[in-house]
Amino acid sequence: MAFYVKARPAVASFLGLTATRNTLPDGNFLLWQADMLRFGPLTALADSAARVGALVLTPAQARAEQDGKVCNELPQPTDPRFAQGDESTDTSTDDNPENTTQS
């Protein structure tokens, strides 16, 4: 059976696939199982996906993700190349008093 892989943009970018693979409604990418060969053999697809913080999906699960019916949360990657930083340090929101303009 063919599988799909839901992956973060960092993984799709690392593989050079951001222009050729589908973007999901949550901003992640839907990759093909063969795309993951750079991380290990297909016999270890689930392990390879877990290392980069991705999920292996059946065709039906991938379709539900594309249609926005389901949004599976991705696990945290264990591979340091794909570890995400602390997103709470973003200060560009309108809640920051330094970003407000006085008239």
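These notes cover the structure that comes with them.

Some points on the environment of Thr-18
Part 1: Within the element layout of this structure, Thr-18 appears in the loop between α1 (9-14) and β2 (22-23).
Part 2: Residues Thr-18 and Phe-29 lie 11 residues apart in sequence; the distance between their C-alpha atoms is 7.7 Å.
Part 3: Among all residues touching Thr-18, those that are not within four sequence positions of it are Pro-9, Ala-12, Ser-13 and Phe-29.

Topic: the pattern of salt bridges
Part 1: Applying the stated criterion across every chain, the model contains five salt bridges.
Part 2: Across the pair Glu-65 and Lys-6 runs a salt bridge, and its minimum N-O distance is 3.1 Å. Here Glu-65 is found in helix α3 (residues 59-66), whereas its partner Lys-6 is found in strand β1 (residues 4-7), with 59 residues between them in sequence.
Part 3: Given a relative accessible area of 1%, Glu-65 falls into the buried group.
Part 4: Salt-bridge contacts for Arg-21 lead to Asp-35; the nearest nitrogen and oxygen are separated by 2.8 Å. Of this pair, Arg-21 sits in the loop between α1 and β2 while Asp-35 sits in the loop between β3 (29-32) and α2 (45-52), placing them 14 residues apart in sequence. Taken as a pair, Arg-21 and Asp-35 share a single burial class, namely buried.
Part 5: Beyond isolated ion pairs, a larger network of salt bridges with shared partners links Lys-6, Asp-26 and Glu-65.

A closer look at the side chain of Asp-35
Part 1: Residue Asp-35 is classed as buried on the basis of its relative accessible area, which comes to 12%.
Part 2: A distance of 2.8 Å separates a polar atom in the side chain of Asp-35 from a polar atom in the side chain of Arg-21.
Part 3: Not counting chain neighbours up to four residues away, the residues in contact with Asp-35 comprise Leu-15, Leu-17 and Arg-21.

Quick word on the environment of Ala-83
Part 1: If you trace the backbone, Ala-83 turns up in the segment after α3.
Part 2: Taking the relative accessible area as the measure of exposure, Ala-83 reaches 48% and is therefore partly exposed.
Part 3: The spatial distance from the C-alpha of Ala-83 to the C-alpha of Val-52 is 8.1 Å, given a sequence separation of 31 residues.

Let's talk about the nonpolar core
Part 1: Formed by 15 residues in total, the largest nonpolar core has its most connected members in Val-11, Leu-31, Met-36, Phe-39 and Val-52.
Part 2: Put simply, the parts of the chain that give this core at least two residues each are β1, α1, β3 and α2.
Part 3: By residue number, the principal contributor to this core is α2, which donates three residues.
Part 4: Not counting residues up to four positions away in its chain, the partners in contact with Phe-39 are Val-11, Phe-14, Leu-15, Ser-48, Arg-51, Val-52, Arg-81 and Phe-82.

Structural notes on α3
Part 1: Among all positions of α3, only Ala-62, Ala-64 and Glu-65 are buried. The buried residues of α3 occupy an angular sector of 160° when the element is viewed end-on, so they sit on one face.
Part 2: Looking at the buried side of α3, the elements it contacts are β1, β3 and β4 (55-57).
Part 3: Looking one or two residues beyond α3, the residue adopting positive phi is Gly-68, at roughly 80°.

Parameters and conventions
Residues numbered from 1 in each chain as written. Predicted model: local features only at pLDDT ≥ 70, side-chain atom pairs only at ≥ 80, totals over all residues. Heavy atoms only, no water. Helix = DSSP H or I, 4+ residues; strand = E, 2+ residues; numbered from the N terminus. Contact = heavy atoms within 4.5 Å. Salt bridge = Lys/Arg side-chain N within 4 Å of Asp/Glu carboxyl O. Buried < 20%, exposed > 50% of the residue type's maximum accessible area, 1.4 Å probe, protein only. Polar contact = N/O pair within 3.5 Å; in protein donor to acceptor, adjacent residues only side chain to side chain. Core = buried A, V, L, I, M, F, W, Y, C linked by side-chain atoms within 4.5 Å. Arc of directions from axis to C-beta.

What is shown is where atoms sit, not what they do.
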